[in-house]
Amino acid sequence: MNLTSLDHCRSCDRSELVPILDLGSTPLANALLTAEQLANPERFYPLNVVWCSNCTLLQIDHTVAPEDLFREYLYFSSFSDELLRHAKHNVNQVMKARSLSSDSLVVEIASNDGYLLQYYKNEGVPVLGIEPAANVAEVARFERGIPTVCEFFGERLATDLSQQGNRADVIHANNVLAHVPDLNDFARGLRTLLKEGGVCIIEVPYVRDLIDRCEFDTIYHEHLSYFSLTALNQLFQRHSMAIENVERLAIHGGSLRIFVAHKGAPPDSAVGRLLAEETAWGVASPDFYRGFAARVETLKAELRDLISGLKKQKRRLAGYGAAAKGSTLLNYFQLGSESLDFIVDRSTYKQGRYMPGVHLPISSPDRLLEEMPSHVLLLTWNFAEEILAQQWEYRERGGRFIIPIPEVRIV
């Protein structure tokens, strides 16, 4: 497997990188294991976070080749009801604002199983997905009828699509920019593929929320970068593009939605306000980031103490959500079979597999009612409201959830 060490910033290419957090060595967070693979040695990779003092980008300092991470992928967006509602609402907003029609083209980068583009397709708007995971792209094509190019996005692919007459009126890129090793190539690709007068709508987890809410478990090898608006602004200015507007969103523990276009009209006042806010809270100062590691260690001690106390009482515990963030938390906090009995997840693609590193088995959520563990560690805390509602019967029968982020609490 290809692993490269980083000695310069992924965005501005400068070498002023300041160490922020060391999570040791962990397995690849989405590399769920089959029963046959349990006996094989697993590979672990360094997971260290550094901060660029030049452009303010927070990033990890090693890169696993994208081909090793994404060619077969077990994350299917359509298994989340909240994510589907979020996508549909966004599409409705864009349809109204942009007056899209059968003469338009909407492209989504990292289009997954067609969870978002299906809503444009239903409105008669032509769509094109770009999704490098062959197994996920196949679901988009055959189950939802979404034309999908199975490639990684960058300037080369954007040039090919443009030459074929496929320039886009709207480009969506939700939760993909963090996965991109070459941010400048990606930005050049957006500039090439986007029509004049078009807009790129990009969603990324927000670094302010990551730090404030101690969301350390969103750090794993697929997530190479963690963005402020300041860092994003510098990236797109470098490529003659402009952030026209910005919104803060609650989804995924706190995100930014930015609207990027070819340089032209002045930006909305929201852009200037948020840039000023970031300057005020210290986006360009290492002091803002320095306490993060200590807070992660405090959270680790609190959660381990809680679970240890419950196990001493002979309680059975499970986990909910075989997500990448769960892998980071379980492996860094060293919570394996001595702490939890099993993991449950709605995704049928994950059931029957095992969590990387800790080797906990993954079952259907039905197992919670069958075995009634006293407590369930909610690893997918970013969908807490949705999951707690789905698990009303387990809760009515006395089951409790442990929510670990931003602080440990029992509900």
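Above this note sits the structure.
Keep in mind that what you see is a predicted model, and the values were worked out from it rather than measured.

Asker: Help me get a handle on the packing of aromatic side chains, residues and values and all.
Answerer: Taken as a whole and assessed by the stated rule, the structure comprises 8 aromatic pairs. Taken together, a centroid distance of 5.2 Å and an interplanar angle of 75° make the contact between F153 and F186 edge-to-face. Residue F153 is found in the loop between β8 (148-149) and α5 (155-163), and its partner F186 is found in helix α6 (residues 183-193); the two are separated by 33 residues along the sequence. The same class applies to F153 as to F186, namely buried. Judged by centre distance (4.5 Å) and plane angle (40°), the ring pair of W281 and F288 falls under tilted. Residues W281 and F288 agree in their burial class; the two are buried. Clustering of aromatic rings is evident, with ring pairs tying together W51, W281, F288 and Y289.

Asker: Tell me what's going on with the packing of helix α8 (residues 229-237) against helix α9 (residues 269-281), and back it up with residues and numbers.
Answerer: Running from amino to carboxyl end, α8 crosses α9 at an angle of 120°, the nearest separation of the two axes being 9 Å. The orientation of α8 relative to α9 falls into the category oblique. Side by side, α8 and α9 meet where L229, T230 and N233 of the first sit next to V271, L274, L275 and E278 of the second. The residue makeup of the contact of α8 with α9, split by class, is 4 nonpolar, 2 polar and 1 charged.

Asker: Please give an account of empty space enclosed by the protein that cites residues and values.
Answerer: Scanning the entire structure with this criterion turns up 2 cavities of 30 Å³ or more. Quantified by volume, the largest cavity comes out at close to 50 Å³. If you go around the largest cavity, the residues you meet are P205, Y206, V207, L210, E215, T218, Y226, H252 and G254. As a volume, the second largest cavity reaches approximately 40 Å³. Surrounding the second largest cavity, A178, V204, P205, H223, S225, Y226 and F227 form its lining.

Asker: Quick rundown of the environment of Y119? Include the residues and the values.
Answerer: Looking at the secondary structure, you find Y119 in helix α3 (residues 117-122). Considering only alpha carbons, one finds Y119 and N90, 29 residues apart in sequence, at a separation of 9.7 Å. Ignoring anything within four residues of it in the chain, the contact list for Y119 reads L84, A87, K88 and V91.

The rules we used
- Residues numbered from 1 in each chain as written.
- Predicted model: local features only at pLDDT ≥ 70, side-chain atom pairs only at ≥ 80, totals over all residues.
- Heavy atoms only, no water.
- Phe/Tyr/Trp six-rings, centres within 6.5 Å; stacked < 30°, edge-to-face > 60°.
- Helix = DSSP H or I, 4+ residues; strand = E, 2+ residues; numbered from the N terminus.
- Buried < 20%, exposed > 50% of the residue type's maximum accessible area, 1.4 Å probe, protein only.
- Axes fitted to C-alpha atoms, helices over the stretch in contact; angles between N-to-C directions.
- Parallel < 35°, antiparallel > 145°, perpendicular 65-115°, else oblique.
- Contact = heavy atoms within 4.5 Å.
- Nonpolar A, V, L, I, M, F, W, Y, C, P; charged D, E, K, R; others polar.
- 1 Å grid on protein atoms, 1.4 Å probe; cavity = no way out; pocket = protein on both sides within 12 Å on 5 of 7 lines; lining within 4 Å.
- Points joined across faces, edges and corners; volume = space filled by probe spheres on them.

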